[in-house]
Amino acid sequence: MRHTTLKPFPKDFLWGASTSAYQVEGANLIDGKGPSCQDVKKVPEGTSELDICADQYHRYKEDIALMAEMGFKVYRFSIAWSRILPKGTGEINPKGIEYYNNVINECLKYDMVPLVTMFHFDMPAALDERGSWSNPESVDWFLEFARVMFENYGDRVKYWLTINEQNMLTLVGPMIGTMVLPKDTKNVLKEIYQQNHHMLVAQAKAMALCHEMLPGAKIGPAPNISLVYPATCKPEDMIAAQNFNAVRNWLYLDMAVYGKYNNIVWSYLEEHDALPTFAPGDAEALANGHPDFIAFNYYNTATVEADDGTVVEGGDQQSSKGITGMAKTFPNPNLQKSQFGWEIDPIGFRATLREVYSRYRLPIVITENGLGAYDKLEEDGRVHDPYRIEYLAKHIEQMHQAISDGVEMIGYCPWSAVDLVSTHEGIRKRYGFIYVDRDDFDIRTLDRYRKDSFYWYKKVIASNGEDLSPEFTVE
Ligand code: BGP
């Protein structure tokens, strides 16, 4: 559909950006915080440890002031489970509670909505030792954590996200450093999808608990959604695209919204003797959890062809190689790639927004989108990142088109507010509007610098998404 005029962004549209605790805070074992799976993992060779990150734990005031300077209406950040419950359950760490109280209050000081991710890739190490998500008790562990958050922050936090990218935890967990399987696991697929089932139940119960404890609050899931294209118009490729859409995307949203397993995924698991075991009450719990909105992270689309028997599984969040018997990924010749090999597809963003909205009819907030690049701090104290401005402008333009297509959007939080440590490529893969003076092994000053994209995004927010031209003013 070619629009002659575009509908404006909603008046109260939430412009902002995102971070996650384990990638930005640092202070990973300070002030009573227990270790998470991220603190005990072996980091990928050549990348930074996660002990300092961007040191936001000590610099949150400066960071939030800079976000306010950009005009943020929202800041999406996550709460580190083991900072407030060092062992995952039981004893509460008052210093941890205090830290997030401070962060939330600092946001509110600037009228910035805190959008809180409850769980972003950082399972407490003590719970991994107790069987991680394989243990059926993990559902109760998560609910206990949810209750502590709702009790302590529910008076001020009105928007909650359950689990960040549960689909990536399930599909590429070892790459993110999150997957712990019991030693005697025989059927790995079954175990992974049992863990996935526990997360789905935990999410559904947390949504119900949120509505019970905090009637005015809103809560939703936050998967990573990439619409999947067929490589050609061959019918076999279309079936492969449907398979991959089901296993990568719809399983998670069908469950969050309808409380039902996606039929294609269910059959796939059945054929591999990998169906999850339901505990008594699970089916009801899944049916009783209702999201108020859908949040999702978007980096690019995926393209697949029929599996010819040569699929090698693996990859990262955006460059999966496919799934045996389901689909084989195919490099899309129409798309360019980032310096880190991820395809770039702004029009696919519009297509993904349209598809998600027409399937689920819930308002959408984008909780990640952005360009990882090698940024350079110049002699004059500036970072020139026209490539990021171009990437974001093209995506915002397509979001505008989607709004004009009738998609109900409530906010946009690109990744990331400030430079932080990537999931597996260190801090050299930068995403922020705010540059942090350090590299993977030299911690330097950790001082903050405004990138060109900082000034540009400030202008975009001030114009409520209308002015995407590359010009900006440095004040
Ligand atoms: C998402 C994660 C984030 C973030 C982002 C960029 O999958 O939710 O935590 O890291 O991807 O990925 P990367 O750091 O691998 O470049």
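Now for a look at the structure at hand. (Residues numbered from 1 in each chain as written. Predicted model: local features only at pLDDT ≥ 70, side-chain atom pairs only at ≥ 80, totals over all residues. Heavy atoms only, no water.)

## Side note on the overall build of the protein chain
The secondary structure content of the protein chain amounts to 15 helices and 16 strands. For 475 residues, the compact-globule estimate of 2.2 N^0.38 gives 23 Å, and the C-alpha radius of gyration of the protein chain, at 21 Å, lies within 12% of that figure. The principal-axis extents of the C-alpha atoms in the protein chain amount to approximately 60 × 55 × 45 Å. In the protein chain, which comprises 475 residues, the share counted as buried stands at 61%. Here the analysis covers contacts within the protein chain between residues at least 6 apart in sequence; of these, 74% occur between residues at least 24 apart. Of the roughly 18400 Å² that the protein chain leaves accessible, carbon and sulfur atoms contribute 53%. Counting 47 positive and 66 negative side-chain charges, the protein chain places the centres of these two groups 2 Å from one another. (Helix = DSSP H or I, 4+ residues; strand = E, 2+ residues; numbered from the N terminus. Rg over C-alpha atoms; globule rule 2.2 N^0.38 Å. Buried < 20%, exposed > 50% of the residue type's maximum accessible area, 1.4 Å probe, protein only. Contact = heavy atoms within 4.5 Å. Areas by Shrake-Rupley, 256 points an atom, 1.4 Å probe, with all protein chains shown as cover. Lys, Arg positive; Asp, Glu negative; His and termini not counted. Charge placed at Lys NZ, Arg CZ, Asp CG, Glu CD.)

## Details of the site of the ligand
Among the 16 residues in the neighbourhood of the ligand, the closest are listed as Gln 23, Glu 165, Thr 423, Lys 429 and Tyr 431. At 2.9 Å, a side-chain N or O of Asn 164 approaches an oxygen atom of the ligand. One nitrogen or oxygen atom from the side chain of Ser 422 is found 3.0 Å from an oxygen atom belonging to the ligand. Protein burial of the ligand: of its 380 Å² of free accessible surface, 100% is covered by the chains. The residue inventory of the shell around the ligand, partitioned by class, reads 5 nonpolar, 8 polar and 3 charged. (Near = heavy atom within 4 Å. Polar contact = N/O pair within 3.5 Å; in protein donor to acceptor, adjacent residues only side chain to side chain. Nonpolar A, V, L, I, M, F, W, Y, C, P; charged D, E, K, R; others polar.)

## Observations concerning unusual backbone geometry
Cis geometry marks the peptide bond from Trp 415 to Ser 416, where omega comes out at 10 degrees. On the secondary structure map, Ser 416 appears in the loop between strand E14 (409-412) and strand E15 (434-436). Even without a glycine there, the phi angle at Asp 273 is positive, about 50 degrees. Topologically, Asp 273 is positioned in the loop between helix H11 (263-271) and helix H12 (282-288).

## Some details on helix H10 (residues 235-258)
Along its 24 residues, H10 runs just 28 Å from first to last C-alpha, ending more than 12% under the 34 Å computed at 1.5 Å per residue. A bend of about 55 degrees at Trp 250 is the largest found in H10. The element H10 is largely enclosed, with a buried count of 18 among its 24 residues. (Expected span 1.5 Å × (residues − 1). Bend = angle between axes of the 7 residues up to and from the residue.)

## Some details on the sheet that holds strand E7 (residues 294-297)
Here 8 strands make up an open sheet; going across it, the order is E5-E4-E3-E2-E1-E14-E13-E7 and the pairing parallel. In this open sheet, the two edge strands, each paired with only one partner strand, are strand E5 (218-222) and E7. Within this sheet the neighbouring strands show an average axis-to-axis angle of 25 degrees, counted without direction. Two strands pair when backbone bridges link them, and strand E4 (residues 159-164) and E5 are joined in this way by 4 bridges, in the parallel orientation. Note that in E5 the partner of Leu 161 across the bridge is Gly 220. (Pairing = 2+ DSSP bridges. Axes fitted to C-alpha atoms, helices over the stretch in contact; angles between N-to-C directions.)

## Here's the deal with the packing of helix H13 (residues 346-360) against helix H14 (residues 386-404)
Put simply, H13 and H14 touch, their axes get as near as 8 Å, and they point 30 degrees apart. The pairing of H13 with H14 is recorded here as roughly parallel in orientation. Note on packing geometry: the crossing formed by H13 with H14 is right-handed. Packed against H13, whose contacting residues are Pro 346, Ile 347, Phe 349, Arg 350 and Leu 353, the element H14 presents Lys 394, His 395, Gln 398, Met 399, Gln 401 and Ala 402 at the interface. Residue classes in the contact of H13 with H14 are distributed as 6 nonpolar, 3 polar and 2 charged. (Parallel < 35°, antiparallel > 145°, perpendicular 65-115°, else oblique. Left-handed = near helix turned anticlockwise from the far one by under 90°.)

## Some words on the pattern of salt bridges
Any two side chains of opposite charge can pair, so long as their charged atoms come close to each other. The final tally for this structure, using the stated rule, is 28 salt bridges. Among the salt bridges present, the one from Arg 428 reaches Asp 440, with a minimum N-O distance of 2.8 Å. Residue Arg 428 is located in the loop between E14 and E15, and its partner Asp 440 is located in the loop between E15 and strand E16 (448-450); the two are separated by 12 residues in the primary sequence. We classify Asp 440 as buried; its relative accessible area is 8%. (Salt bridge = Lys/Arg side-chain N within 4 Å of Asp/Glu carboxyl O.)

## Comments concerning the pairing of strand E1 (residues 14-18)
A large share of E1 lies buried, amounting to 5 of its 5 residues. Burial along E1 is two-sided: the residues Leu 14, Gly 16 and Ser 18 and Trp 15 and Ala 17 are all buried.

## So, the packing of aromatic side chains
Scanning the model with the defined rule gives 34 aromatic pairs in all. Judged by centre distance (5.2 Å) and plane angle (40 degrees), the rings of Tyr 75 and Phe 77 are tilted. Summarising the burial analysis for this pair, Tyr 75 and Phe 77 share the class buried. Ring plane angle 55 degrees and centroid distance 6.1 Å describe the contact between Tyr 261 and Phe 278, whose orientation is recorded as tilted. With Tyr 261 in the loop between H10 and H11 and Phe 278 in the loop between H11 and H12, this residue pair connects regions lying 17 residues apart in the sequence. Classification of Tyr 261 as buried rests on a relative accessible area of 14%. (Phe/Tyr/Trp six-rings, centres within 6.5 Å; stacked < 30°, edge-to-face > 60°.)

## As for the sheet that holds strand E10 (residues 327-329)
Read from one edge to the other, the open sheet built from 4 strands follows the order E6-E8-E10-E9, with strand pairing classed as mixed. Since the sheet does not close on itself, it has two edges, and those belong to strand E6 (228-230) and strand E9 (322-323), each with one partner. Bridging between E9 and E10 involves 2 bridges; their strand directions are antiparallel. Within the sheet, the bridge partner assigned to Gly 322 lies in E10 and is Lys 328. Running at roughly 170 degrees to E6, H10 makes contact with E6, strand E8 (302-305), E9 and E10 of the sheet.

## Some words on the packing of helix H3 (residues 56-70) against helix H15 (residues 452-462)
How two helices pack is summed up by the angle between their axes together with the distance between the axes. Taken N-terminus to C-terminus, the directions of H3 and H15 make an angle of 50 degrees; their axes are 8 Å apart at the nearest point. In terms of axis orientation, H3 runs oblique to H15. Taken together, the residues of H15 that come into contact with H3 (itself represented by Leu 66, Glu 69 and Met 70) are Phe 454, Tyr 457, Lys 458 and Ile 461. Its residues assigned to classes, the contact of H3 with H15 shows 5 nonpolar, no polar and 2 charged.

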